[in-house]
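Reading the structure
Below are the chains, spelled out letter by letter.
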Amino acid sequence: VYIRKHPLEIPPPSEKDWLKDDEEDFFLQDPDRKRDALPQPFRMINKLVMRVFENAMEIIERREMLREAQKLKVQPTKCFPTAEFQVTGRANCLAVSGKYIFVGLSVGLAAFKMSDCKEVCAWDAVKTEICAIHALDLGNECHVLLAVDEMGLVWLFCFHKESFLLVKILNEVEDISKRSTCVEVVLSSGGDYAGVLLQGNTKAWLEIYRLPKDSWLKEMEKSSGAPAGLACRERRSSCTSVVQNSSISHSDAKLSLPVLLLKVKPPKPITGSSFKSPLDALKKVDDGSMLGLGYNHLIKDSQWEQQEAIFHSTYREYLQAEGERESKEEIPRHATFHFLLPSRILQVGPEMKVQPDVPAGISVHWDGSHNLCLYLLNCPLKEKVDSDPKPDVVWPCAAPIACSAVSSCSRYLALACEDATVTIWDKHLGYPLSVTAILEERLIRSIHFL
């Protein structure tokens, strides 16, 4: 019989008794698959290779999950071109009107039929590059076109019976130094009016034209032949000659010319008043029934200078931290304008005829301005167009207007200000429907109705 002489104790661990990393789960391994332990550095190489395989499997599983999630999404319909048409030169822009496609080329204009994509007419009289084009169907196979070339000139065309007819160059001047360039062109929905935003060397202004489309339709019916004096060639198999004219004279155009209704200039910076009494300021106000642009006030230049000095002395620390910059008020050179149908906010006199589908006014706001100015279009024409007309309605906003949009029915007007506030106005009722403020301070670049 063996008798233990010493008490029972747990022996202290030694390094040789420690489990290796690859032997921790030795009791779970299959004895048949047991392999001999690899010596160094093969164990390290084996560990690196296994890690590469594990990372690869994780990437494969992640991609498989993304692929399965992509299959659950609605896939967009892929559209492939059904036809193509060849153009002369480079195509810069295009517009669709009725059954025709008008393309602005590097050498002029071209018209194509939508049915067979064949060219029916081309205009290359002056070999000018067309950069923008707007077209509208007037009915009776007559279309009005506004084209802007590389020099900023606005060309007004009529397209009738597969022929181009130049009506007028809207901003053409004899003195080249006084030439203005077109920034934006807008056609009203029915083709009754056209708006052109022009820029000169130091100033900008907006011109609104009334297009005599009814007279054009009558004149087109009388002159059923092709218009003379315009280089227009038909690319057809039976056509053997090409009419070439290096210049176009306005006397050849047999259509009525558009009428300039308004010439709107940007608002001038508000300066100190020279009025000596409130009565002098009230004499400059028409009837006091509307808000003005703020020119008729009694604040002197010295008062503004004193207020500015107080502001700078009060917030000197903040101005120095942000880097104070002396900013001079400049006249804005860009405006956003829309044609508006008759509504309650555009009140017209009983002597003026108003049609529900013809624009009754325009809304204009210049860059950096708080005011939305509304002008009536159906006022009686004066002998001389007022170079700086007063707005009929002024809507002041709490912040400068960044962008605006009008719905297709022309009932709703959306204004987005620089303080990230969007206001939807109902022009028929004359009050705002909703005011939404973006939580994060971000500048709204554009706004659209869907």
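First things first, this report covers the structure right here in the doc. On a predicted model such as this, the values are computed, not experimentally measured, just so you know. (Residues numbered from 1 in each chain as written. Predicted model: local features only at pLDDT ≥ 70, side-chain atom pairs only at ≥ 80, totals over all residues. Heavy atoms only, no water.)

A tally of helices and strands in the protein yields five helices and 21 strands. Looking at the 450 residues of the protein, the share that counts as buried comes to 35%. Within the protein, contacts between residues at least 6 apart in sequence are counted, and of these 53% link residues at least 24 apart. (Helix = DSSP H or I, 4+ residues; strand = E, 2+ residues; numbered from the N terminus. Buried < 20%, exposed > 50% of the residue type's maximum accessible area, 1.4 Å probe, protein only. Contact = heavy atoms within 4.5 Å.)

This paragraph deals with the nonpolar core. Counting 25 residues, the largest nonpolar core has Val144, Leu146, Val154, Leu156 and Trp216 as the members making the most contacts within it. Counting residues per element, the ones that place at least two in this core are β5 (130–139), β6 (142–149), β7 (154–160), β8 (164–169), β9 (181–187), β10 (193–199), β11 (204–210) and α2 (213–222). The element contributing the most residues to this core is β6, with four residues. When near neighbours in sequence (up to four residues on either side) are disregarded, tryptophan 216 contacts Leu138, Val144, Leu156, Cys158, Val167, Leu211, Leu255 and Ser256. Ranked by size, the runner-up nonpolar core spans 22 residues in total, among them Ala111, Trp123, Ile130 and Leu166. (Core = buried A, V, L, I, M, F, W, Y, C linked by side-chain atoms within 4.5 Å.)

For the structure shown, the criterion picks out six salt bridges. Measuring nitrogen to oxygen at the nearest pair gives 3.5 Å for the salt bridge that ties glutamate 162 to lysine 113. With glutamate 162 in the loop between β7 and β8 and lysine 113 in strand β3 (residues 109–113), the pair connects residues that are 49 residues apart, well separated along the chain. On the basis of relative accessibility, which here comes to 13%, the residue glutamate 162 falls in the buried class. Judged by its relative accessible area of 26%, lysine 113 falls in the partly exposed class. Between lysine 213 and aspartate 192 there is a salt bridge whose closest N-O contact spans 3.6 Å. Pair noted here: lysine 213 is in helix α2 and aspartate 192 is in the loop between β9 and β10, with a separation of 21 residues, a long-range link. One exposure class covers both lysine 213 and aspartate 192, and it is buried. (Salt bridge = Lys/Arg side-chain N within 4 Å of Asp/Glu carboxyl O.)

With that settled, consider the sheet that holds β10. Strands sit in the order β9-β10-β11-β13 across an open sheet of four strands; the sheet is antiparallel. Every other strand in the sheet has two partners, leaving β9 and β13 (259–264) as the edge strands with one partner each. Taking the axes of each pair of neighbouring strands and ignoring which way they run, one obtains an average angle of 20° across the sheet. (Pairing = 2+ DSSP bridges. Axes fitted to C-alpha atoms, helices over the stretch in contact; angles between N-to-C directions.)

Turning to the sheet that holds β8, a few remarks are in order. Whether parallel or antiparallel, the strands of a sheet pair through hydrogen bonds between backbone atoms. The sheet built from four strands is open, its strands ordered β5-β6-β7-β8 with antiparallel pairing. Two strands lie at the open edges of the sheet, namely β5 and β8, each paired on one side alone. Neighbour to neighbour, the strand axes of the sheet diverge by 25° on average, direction disregarded. For β6 and β7, the ladder comprises seven bridges, and the chain directions are antiparallel. Note that in β7 the partner of valine 148 across the bridge is valine 154.

With respect to the helices and strands, histidine 143 occurs in strand β6. Here histidine 143 is in contact with Ser97, Gly98, Tyr100, Phe102, Leu136, Asp137, Leu138, Phe157, Cys158 and Phe159, once residues within four sequence places are set aside.

Another aspect to go through is the packing of aromatic side chains. Summed over the entire model, instances satisfying the criterion amount to 14 aromatic pairs. Taken together, a centroid distance of 6.1 Å and an interplanar angle of 75° make the contact between phenylalanine 157 and phenylalanine 164 edge-to-face. The buried category is assigned to phenylalanine 157, whose relative accessible area is 0%. One aromatic cluster in this structure is built from Tyr100, Phe102, Trp123, Trp155, Phe157, Phe159 and Phe164. (Phe/Tyr/Trp six-rings, centres within 6.5 Å; stacked < 30°, edge-to-face > 60°.)

It is a general feature of regular strands that their side chains alternate between the two faces of the sheet. Relative to β6, β5 runs antiparallel, the two being bridged by eight bridges. Bridge pairing in β6 links aspartate 137 to histidine 143. Counting the residues in the hairpin turn of β5 and β6 gives two residues, including asparagine 140, whose phi is positive at 55°.

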